[in-house]
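# Descriptive structure summary
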Amino acid sequence: NGNITLFQDGDHDTDLIKDLQKTFGVNIIYDTNPSTVTLVRKIEISAKSPYDYTALIDADMLAVGKIDELLDAAKHYDFVATNFAEWKSNGGTIRGRIMRFKKDYPQYMEAAINFGPAINTGSYAFPKNSPFFKEWLEVAKVGERMHTWIPDEVACQVLLPRYKTHVFPTKFS
């Protein structure tokens, strides 16, 4: 239940768009900016959400239940993330990804590695005008230039300890 907006970046199937609008009342926002890769682009698009509180769900994810908890949490935090596969930020894989940012953000490394849960940016929630997004976009663009694997997710992992954040369990990702 509630408002749904699909951000359309690039070419689209007009029949599919019309069907989404007719069947589900989906709002469509066309927004193109070829200067960033898809995963960094997601951050730019998210910051343009028309809602006071937004839950983003990637197109490759499937909501099988209510997402009210995510939206409710966004009322109290700068950013609400979801845990990835119960991994930890100090585990070998995530720690290695975080450390790729050491040259540019050495002051963030210790807190990022010791944060706790590894996160998945396939689903997250946030309030309108969250202060998190400006720095997240900046750090993700650094990751993009370094050709970092999933630059949005790793940049988010690096920044989470710096903001008022909450991480939901794996069932939300």
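None of these values were measured; they are calculated from a predicted model. (Residues numbered from 1 in each chain as written. Predicted model: local features only at pLDDT ≥ 70, side-chain atom pairs only at ≥ 80, totals over all residues. Heavy atoms only, no water.)

Sheet faces and side chains relate simply in a regular strand, where the side chains alternate between the two faces. In this sheet, strand β6 (residues 165-168) lies alongside strand β4 (residues 79-88) in parallel orientation, the contact comprising four bridges. Bridge pairing in β6 links T82 to F168. Two strands pair when backbone bridges link them, and β4 and strand β5 (residues 117-127) are joined in this way by four bridges, in the antiparallel orientation. Across the sheet, the residue bridging to V80 is A125, located in β5. (Pairing = 2+ DSSP bridges. Helix = DSSP H or I, 4+ residues; strand = E, 2+ residues; numbered from the N terminus.)

Moving on: the nonpolar core. Residues F79, F101, F132 and W136 are the most contacted members of the largest nonpolar core, which totals 31 residues. Those elements that place two or more of their residues in this core are α2 (38-46), β4, α4 (92-99), α5 (109-113), β5, α6 (132-145) and α7 (151-159). Considering every element that reaches this core, the biggest residue donor is α6, with six residues. Contacts of F79, omitting those with residues within four sequence positions, involve Y124, A125, F126, F132, F133, W136, C156, L160, K164, T165 and H166. Judged by nonpolar contacts, the second largest core, of seven residues, contains L70, A73, A74 and A125. (Core = buried A, V, L, I, M, F, W, Y, C linked by side-chain atoms within 4.5 Å. Buried < 20%, exposed > 50% of the residue type's maximum accessible area, 1.4 Å probe, protein only. Contact = heavy atoms within 4.5 Å.)

Moving on, we come to the pairing of strand β2 (residues 27-30). Inspection of the sheet shows strand β1 (residues 5-8) paired to β2 by four bridges, in the parallel sense. Paired with F7 across the bridge in β2 is I29. Taking the sense of rotation as the criterion, the β-α-β connection linking β1, helix α1 (residues 14-24) and β2 turns out right-handed. (Right-handed = clockwise from strand over helix to strand, strands pointing away.)

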